[in-house]
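Fold and geometry: a report
Now for the letters of each chain:
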Amino acid sequence: MPTSHEHAIGALAKPVLEVSNLEAAYGRIQVLHGINIKVGEGQLISLVGANGAGKTTLLKAISGLIEVTGGTITLFGDAITTAPPDRRVRAGISLVPEGRQVFAPLSVEDNLRLGAYTRRDNEREIDLERMYELFPILKQRRRLAAGMLSGGQQQMLAIARALMARPKVLLLDEPSMGLAPRLVQEIFEVISNCKSKGIPILLVEQNALAALSIADYAYVLETGKVTVEGTGPELMRDDKVQQAYLGM
Amino acid sequence: MKTFIRPSVLIVIFVLCMLPFAFPNAYIVDVAIRICLAGIVAIGLNLLMGFAGQVSIGHAAFVALGAYASGVATIRYGWSPLFALAVGAVGVAVLAYLVAKPILRLRDHTLTMATLGLGIIVHMVLVNEVAWTGGPDGMAVGPMKIGDWVLKGEMSWYALVACLLVLAIVISLNLFSSPAGRALRALHGSEVAAAVMGVNVPSFKVRVFVLSAVFASIAGSLTAHYNSFITPSLAGFMPSVELATMVVVGGMASTFGVVLGACLVVGLPQVFGGFEGFEMVFFGLALMLTVIFMPKGIVPSFAQRFAKRKS
């Protein structure tokens, strides 16, 4: 009988993204102290932790926005530790950055087309229509400048834009930040939806309850180290996690 | 090709064709030619400033380099003007490429300062290389010739530069809505987000810098033949600032806005010419008012107001 641990991460799910012993620093201040994380095929992995724990830094390191000082990042077994960001996007890593970062003066549709920037196939138009089906509000506002959308709509746009790249792994940085509770629920529905389509997801969230409840496996990050890890339900039962992050 | 039959382009072509019938005298034609030449440079600069958001106040350096390439090659070495223009453009492209690599690693104000420095260096070289450039006194340049046919008279010059202006407008409009144009506008908004969309940010900045330098070089070569005399002041600080002003006043990232900017910056001092020195005051005032009341530039501000009323 396999433990729940093996069940979630086990031999069944082939690793898509693997981060091992990753270290990163801003100037002389080290932020990540040897992080080990795996994202398997079709899995949703959550990463929870307080402000300044290094969650965003980890995502930036994975997408190539900052250089790492040690350790390796592999995608389908190929090392991408030192590849520039655009190469990583072509390899299949797509980031929904913190604070959405939509291209404010550009139209909604131009934002989506930019998401497919690295693709040269002929199905980009089909994917555009698919995004409009998934997010009807974006279709209504397709001609509008992205900066005119509400926060929730911008988040939808940021996710849709990332999906336009047909990512092999989707990185989400605080997608619920600054949104009203009803919208938070909507965003999490979108994330579950992506998961059910089989896209591996690495989700960084401060909303620990929501993040843990949809996660196959989760890590708790504290001051640049993974302190607790386990399946979503396991972590939700963990005393320390309950006290520190779930407010119970 | 599709861009040529856009209504906006057709209107521009129509206006440019009808203008000669409204020219009262050769002086106005001369102003129109200068507006077209400035418009070509400003459209190129807009690719860098308006699209990609990299502010340059040294762009007149590339105009001057194109002008001197044509001047030196045709007068000192006897090359044909068209060949000199092409070689000048290639040379400026190579130089811009070499300069862009280090310069575009800088951002915001530091980038602007670096482009300013570039302008000053080019100005100094032109002043000091007396054997080639004639130094501060400048040099005479022959007329534009294609084979044995000599381009002369204001109207033929007007026809040439008006065609080139339309061509520049079409190139700029095409780029605006192409994937490459979207990528440029994306890195204007957020370099981080552009990078995680897979845009190779450093390479794009370099390429647009080179492209805008080539626009400036070609217009510079033509200016040299048209003026038939060039001085190092072409690379001066004021011409660079005027170019940046055309882009900002007319409207960043708006191709037609920039053409309007060229009309205002080149045309207004002529209109105010009767004020004997005070024209600069009116000119400055007009600029200040635009920046205060229409910070996005004239054309985008009106377009926005118009769109609001429609919806």
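Parameters at a glance
Residues numbered from 1 in each chain as written. Chains lettered and ligands numbered in written order. Predicted model: local features only at pLDDT ≥ 70, side-chain atom pairs only at ≥ 80, totals over all residues. Helix = DSSP H or I, 4+ residues; strand = E, 2+ residues; numbered from the N terminus. Buried ≥ 20, exposed ≤ 12 C-beta atoms within 10 Å, placed from the backbone. Contact = placed C-beta atoms within 7 Å. Pairing = 2+ DSSP bridges. Axes fitted to C-alpha atoms, helices over the stretch in contact; angles between N-to-C directions. Nonpolar A, V, L, I, M, F, W, Y, C, P; charged D, E, K, R; others polar. Core = buried A, V, L, I, M, F, W, Y, C linked by C-beta atoms within 7 Å. Parallel < 35°, antiparallel > 145°, perpendicular 65-115°, else oblique. Left-handed = near helix turned anticlockwise from the far one by under 90°.

**Here's the deal with the environment of T69 of chain A**
All names here are of chain A. Positionally, T69 belongs in strand β4 (residues 68-75). T69 gets classed as partly exposed once you count the C-beta atoms within 10 Å, which come to 13. Between the C-alpha atom of T69 and that of T81, which follows or precedes it by twelve residues, the distance is 9.9 Å. Excluding anything up to four places from it in sequence, T69 contacts E23, A24 and A25.

**So, helix α4 (residues 108-115) of chain A**
Of all the eight residues making up α4 of chain A, seven are buried; the element is thus mostly covered by neighbouring parts of the structure. Inspection of α4 of chain A places V108, D110, N111, L112, R113, L114 and G115 of chain A among the buried residues, and these make up the whole buried set. Structurally, α4 of chain A contributes buried residues whose contacts are with α5 (124-134), α6 (136-140) and α7 (151-163) of chain A together with α8 (179-189) of chain B.

**Side note on the sheet that holds strand β1 (residues 15-26) of chain A**
Residue and element names in this part refer to chain A. Strand order across the open sheet formed by four strands is β2-β1-β4-β5, with antiparallel pairing between neighbours. The strands lining the two open edges of the sheet, one partner per strand, are β2 (29-40) and β5 (78-79). Looking at chain direction, β1 and β4 are connected through six bridges and run antiparallel. Bridging from a neighbouring strand, V19 pairs with I73 of β4. The strands that helix α2 (residues 55-63) touches are β1, β2 and β4; relative to β2, the one it contacts most, it runs at about 70°.

**Looking at unusual backbone geometry**
All names here are of chain A. Of note, the phi angle at N21 is positive, near 50°, even though the residue is not glycine. Inspection of the secondary structure puts N21 in strand β1. Looking at N21, the number of C-beta atoms within 10 Å reads 13, which means it is partly exposed. A positive phi angle, close to 50°, is found at E174, a residue other than glycine. With 21 C-beta atoms counted inside 10 Å, the residue E174 sits in the buried group.

**Describing the sheet that holds strand β6 (residues 93-96) of chain A**
Residue and element names in this part refer to chain A. Across the sheet, which stays open at both edges, the six strands sit in the order β6-β7-β8-β3-β9-β10 with mixed pairing between neighbours. The open sheet terminates on both sides in strands that have one partner only, identified here as β6 and β10 (225-230). Averaged over neighbouring strand pairs, the angle between their axes works out to 20° when direction is ignored. Sitting on the sheet, α2 is in contact with β3 (44-49), β6, β7 (169-173), β8 (201-205) and β9 (217-222), with an inclination near 145° to β7. Lying over the sheet, helix α8 (residues 181-196) contacts β3, β7 and β8, oriented at roughly 160° with respect to β8.

**Some words on the interface of chain B and chain A**
Taken residue by residue, the interface counts 15 residues in chain B and 20 residues in chain A. Of all the elements in the fold, those that place two or more residues in the side of chain B that touches chain A are α8 and α9 (191-196) of chain B. Ranked by residue count, the leading element in the side of chain B that touches chain A is α8 of chain B, at six residues. Here the residues of the side of chain B that touches chain A sort into nine nonpolar, four polar and two charged.

**So, the nonpolar core**
Within the largest apolar cluster, 166 residues are counted, with the highest numbers of intra-cluster contacts made by V41 and A64 of chain B. In this view, V41 of chain B contacts V63, F215, A216, A219 and L243 of chain B; residues no more than four positions away in its chain are not counted.

**A short note on the packing of helix α3 (residues 60-75) of chain B against helix α10 (residues 201-227) of chain B**
All names here are of chain B. Relative orientation of the contacting elements α3 and α10 amounts to 50°, with a least axis distance of 6 Å. Compared by their axis directions, α3 and α10 come out oblique. Along this stretch, α3 crosses α10, giving a crossing that reads as right-handed. Contact residues: F62, V63, A64, L65, G66, A67, A69, S70 and G71 in α3; A213, A216, S217, I218, A219, G220, S221, T223, A224 and H225 in α10. Taken together, the residues of the contact of α3 with α10 break down into eleven nonpolar, eight polar and no charged.

**What about the environment of F229 of chain B?**
Residue and element names in this part refer to chain B. Checked against the element boundaries, F229 lands in strand β4 (residues 229-230). Considering only alpha carbons, one finds F229 and A60, 169 residues apart in sequence, at a separation of 16 Å. Ignoring sequence-local partners within four residues, the contact set of F229 consists of G138, A140 and V141.

The analysis is restricted to geometry; functional conclusions fall outside its scope.
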